[in-house]
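Topology and contacts: notes
Here is what each chain is made of, one letter per residue.
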Amino acid sequence: MIKYSLLFILNFFFLTVLSQSQAPIVLQTKNTTLVLTVGNKHRLYQSYLGARLNATEYEKLSGGREVYLTAGMENQFEPAIRLVHADGNPSLELEYVSHTTQQKDNLSITRIILKDSVYPVQVVLQYSVYFNEDVITSSATIQHNEKKPVRLTQYASSMLHFNADTYWLTQFHGDWAREVNMVEEKLTNGIKSIESKLGTRTNFYQTPTFFLSLNNPATETSGELIAGTLGWTGNFQFTFETDQRNQLRVRPGINPYASDYTLQPGEVFTTPEFIFTYSNQGKGQASRNLHRWARNNAVLDGNGPRLTLLNNWEATYFNFDETKLINLFDEAKQLGVDLFLLDDGWFGNVFPRNDDKAGLGDWQENKSKLPNGIGRLVQEAEKKGIKFGIWLEPEMVNPKSELYQKHPDWILRLPNRAENLARSQLVLDLTNPKVQDFVFAIVDDMLTKNPGIAFIKWDCNRSMTNAYSAYLKEKQSHLFIEYTRCLYKVLDRIRAKHPHLPIMLCSGGGGRTDYGALKYFTEFWPSDNTDGLERIFIQWGYSYFFPANTIAAHITSMGKGQTLKFRTDVAMSGKLGYDIRVNEFTPQELQFSQDAVKTYKRINDVIWFGDLYRIISPYEENRSVLMYVNENKSKAVLFNYHLNVRRKDIFSRVQLQGLDPKKKYRFKEINLFPGIKANNPDNDKVFTGEYLMTVGLNLTTGRVTSLTSNVFEITEE
Ligand code: GLA
């Protein structure tokens, strides 16, 4: 206690001196300003967050609300942090000590040190400010020097405060095969929480993304809002607490559910990053900010090319052998895609993987299906001039497997209780370093033995239930957090050795879609639902937060009453691939698909790296229109989809967006089915950008038929 008092006196002196002369901490992007000030009791306050201010104005700011609210003192609302000291005292008071800012090109990183004046506890708030992209990420690191461990029961990444008349929250929730349904609601007094407790496959019911509009619901092109997401592949939680004075606190972070964390003296607890952008020009601008930020900073090789592919999952399921696969290479080649992706079912001998009930964990080629191993497949693919990729689900085990028999202690399951299987499988205990080595080796051995492998699909087909780690013993409340950290440890090792191999992040549909993971992955699998109509909504939902080059979109045989043309047009607005029986195509369908792959390769840079404009929402009309425009506004691609249209539907002209009003553009329909001619009277005509954006064009001409579509290319003359 004597030590603490001394520290208190020293700190107090230091803080007084510093805070009197402390100018506001100003975090600026091109269009946003966040101002933090040191005020009453040396605490740190959020004094302003909104449209960019100029230098003379922010000097006048003071007060506001405490940036990183603590628990146990006078705060009556949900805290950002709650810490119980080694002596049982459940209070924390954080005072500003100092801060530093490092600037490197477009990125400036500000670290603000806060300390408790009585207990040796320090919290560092870190803000990374991406100037051009208008994105700020924030996280906290928590540390202490008490004699014994302290207990953390809340540990948000950040906290943001708002004062508006009304708050409108948009969330994206769903389930298997119906992911990211968008719902907007007005927040009322109390707490709304968007969260996951699923451990693995964590985004299955909720995507970790939200819009918060202030005063009025924002549209695509107008309104003030924050778009937020968390870079974390585990349990997450965003709480929105509106208090009795209609003030709102947004608290993003790891979900502390069942996750009290015992922090040892000297140990550093780092939260994941909360990623947000502010826009006063609606949701479209917010998405474009995030897309640009993601491609430049957050997605592995975000500005690099992607491979088109043919996957065999929906074409064969588990039923294939070497000859059948080699024949499929020919089909991939015929289509003109870059890669053949071998999906589930190629492994397991004592317990062959002939359905989803056995074999997971035994990553040896099944001898009857693949007598010459993966090596032969890679060779054959090479001979045929096509790349080869493979499916893995390295974190999982079926009870019917040799792995299960050999290492029962490597599996997450409760003692004294029956196992709870999902898709006949269990989750491996990645917190155990031996399991980490095992998972690393699955991937590394595969790539070392077969250096020709050009792509991996990393799957994760169940969430955690009835979970208990034999390795963590009495620290079960660390399981959810440790699992995610250890997943990153393994991925770090894989990426250190194989830095650029494209890997698809898959989790039985959209179970893993977050920027914590995308740093290791080049794309993600948004949904097992590949019906074209459903995909219009699913891809639309993801497009708010993720750029098109990360959203894998495959053409499959799903989709009742939908033509191949419609399904192809839908897939083309994302990262195109195929998962279909090419040998069942009619000659025209084959011709169409070959042409579509060529067309996609010609225009894909606009789709992958361009700015997205969502023009007509499928949530609002029985059609959906979106376009991508490249950076210098010389090229755009426009997608027009008709949903299940009715006689009442009258589709008005569409004003395009994002073009240069002064430039002249040729408007041309592409991706037509063999024998079909463009019937739009404006086809192949030249218009100014101004005309296209103010007068607009009729995209729907003639009789409107359900589930039809057009792709237009708009090119500067
Ligand atoms: C998950 C994936 C599918 C496929 C199967 C294989 O469901 O989402 O694309 O890979 O696993 O079992």
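Residues numbered from 1 in each chain as written. Predicted model: local features only at pLDDT ≥ 70, side-chain atom pairs only at ≥ 80, totals over all residues. Heavy atoms only, no water.

Using the following cut-off: UniProt positions are given in the numbering used here, feature names are shortened, and annotations may be inferred rather than shown by experiment.
Taking an unreviewed UniProt entry as the reference, the protein is identified by name as Alpha-galactosidase belonging to Niastella caeni. Entered under Catalytic activity (unreviewed entry) in the UniProt record, the comment concerning the protein runs "Hydrolysis of terminal, non-reducing alpha-D-galactose residues in alpha-D-galactosides, including galactose oligosaccharides, galactomannans and galactolipids."

Remarks on the site of the ligand
The test is simple: Any residue with a heavy atom positioned within 4 Å of a molecule or strand is treated as near that molecule or strand. Within 3.5 Å is the distance limit for a polar contact, defined as a pair of N or O atoms, with the added protein rule that one can donate a hydrogen and the other accept it, and that residues adjacent in sequence qualify only through two side-chain atoms. Here the term charged refers only to Asp, Glu, Lys and Arg, the term nonpolar to Ala, Val, Leu, Ile, Met, Phe, Trp, Tyr, Cys and Pro, and the term polar to all other amino acids, Gly among them.
The immediate surroundings of the ligand are formed by 13 residues, with D343, D344, R423, K457 and D528 found nearest. At 2.6 Å from an oxygen atom of the ligand is found a side-chain nitrogen or oxygen belonging to D344. Contacts to the ligand include N461, whose side-chain N or O atom sits 3.2 Å from an oxygen atom. Considering only residue class, the shell around the ligand consists of 4 nonpolar, 3 polar and 6 charged.

Quick look at the sheet that holds strand β11 (residues 160-163)
What counts here: DSSP-based pairing: two strands are paired if at least 2 bridges between them are found. Each helix is a run of H or I in the DSSP string that is no shorter than four residues. Each strand is a run of E no shorter than two, and both are numbered from the N terminus. Orientation is described by axes fitted as lines to C-alpha atoms, over the contacting stretch for helices, and by angles from 0 to 180 degrees between their N-to-C directions.
Read across the open sheet, the 4 strands follow the order β11-β18-β17-β14; overall the sheet is antiparallel. Strands with a single pairing partner mark the edges of an open sheet, and in this sheet they are β11 and β14 (190-195). Each strand axis lies, on average, 15 degrees off the axis of its neighbour in the sheet, ignoring direction. As judged from the 4 bridges shared by β11 and strand β18 (residues 247-254), these two strands associate in the antiparallel manner. Across the sheet, residue L160 finds its bridge partner in β18, namely V250.

Points about the environment of F351
Heads up, the rule is: The contact definition used throughout considers only heavy atoms, calling two residues in contact when any of these lie within 4.5 Å.
Here F351 is to be found in the loop between β23 (339-342) and α6 (373-383). Sequence separation between F351 and N398 is 47 residues, and the spatial gap between their C-alpha atoms is 9.4 Å. When sequence neighbours within four positions are dropped, the list of residues in contact with F351 reads A358, G359, D362, K400, S401, E402 and Q405.

A word on the UniProt feature "domain: Glycosyl hydrolase family 36 C-terminal" (unreviewed entry) in the protein
UniProt's feature table lists "domain: Glycosyl hydrolase family 36 C-terminal" (unreviewed entry) at residues 624-712, given in the numbering used throughout. Annotated as residues 624-712, this span is 7% helix and 33% strand, and its ends, taken at the C-alpha atoms, are 14 Å apart.

Concerning the pattern of salt bridges
Going by this rule: Salt bridges are defined as contacts in which a side-chain nitrogen from Lys or Arg sits within 4 Å of a carboxyl oxygen from Asp or Glu. Relative accessible area decides the class of each residue, using a 1.4 Å probe on protein chains only: under 20% of the type maximum gives buried, over 50% gives exposed, and in between gives partly exposed.
Counted under the stated rule, the structure contains 34 salt bridges. Taking the shortest distance from any N to any O, the salt bridge between K601 and D338 comes out at 2.7 Å. One end of the pair, K601, is in helix α12 (residues 587-609); the other, D338, is in the loop between α5 (322-335) and β23, with 263 residues separating them in the sequence. Note on K601: relative accessible area 34%, which makes it partly exposed. Residues E713 and R602 are paired through a salt bridge, measuring 2.6 Å at the closest nitrogen-oxygen approach. Of this pair, E713 sits in strand β37 (residues 709-716) while R602 sits in helix α12, placing them 111 residues apart in sequence.

Considerations on the sheet that holds strand β35 (residues 664-670)
As summarised here, the arrangement of the 6 strands in space is β32-β33-β34-β37-β35-β36, forming an open sheet in which the pairing is antiparallel. Two strands bound the open sheet, and with one partner strand each, they are β32 (611-616) and β36 (685-688). Put simply, the sheet's adjacent strands are angled 25 degrees from each other on average, direction ignored. Bridge analysis of β32 against strand β33 (residues 623-629) gives 5 bridges, and the strand direction is antiparallel. Within β33, the residue paired with L612 across the bridge is Y628.

Re the nonpolar core
Short version of the rule: We call a set of buried residues a nonpolar core when its members are Ala, Val, Leu, Ile, Met, Phe, Trp, Tyr or Cys and they connect through side-chain atoms within 4.5 Å of each other. Residue ranges for the domains trace back to a domain assignment, done automatically or taken from a database.
Counting residues in hydrophobic clusters, the biggest one holds 183 residues, and the most contacted among them are L212, L342, W346, I374 and F388. If you tally residues by element for this core, the top one is helix α9 (residues 479-497), at 10 residues. Two domains each provide a minimum of three residues to this core, namely domain 1 (2-148) and domain 2 (612-716). Apart from the residues within four sequence positions on either side, W346 is in contact with F320, W363, Q364, E365, N366, L370, I374, I390, W391, L392 and M446. Grouped together as the second largest cluster of nonpolar side chains are 19 residues, Y613, A636, V654 and L656 included.

Re the layout of surface pockets
The following threshold applies: Definitions used for this entry: grid spacing 1 Å over protein atoms alone; cavity, a set of points where a 1.4 Å probe fits but cannot get out; pocket, an open set with protein on both sides within 12 Å along at least 5 of 7 lines; lining residue, one with an atom within 4 Å of a point. Grid points are joined across faces, edges and corners, and a volume is the space filled by probe spheres set on the points.
Size it by volume and the largest pocket reaches roughly 610 Å³. Around the largest pocket sit 27 residues that line it, and G231, P272, E273, G516 and K519 are the ones nearest its centre. Breaking the lining of the largest pocket down by element, the ones donating at least two residues are β8 (121-130), β9 (135-144), α3 (282-298) and α9. With 5 residues, the top contributor of residues to the lining of the largest pocket is α3. If you go around the second largest pocket, you meet 23 residues; those closest to its centre are K565, I676, T708, S709 and N710. Among the secondary structure elements, those contributing two or more residues to the lining of the second largest pocket are α11 (564-572) and β37.

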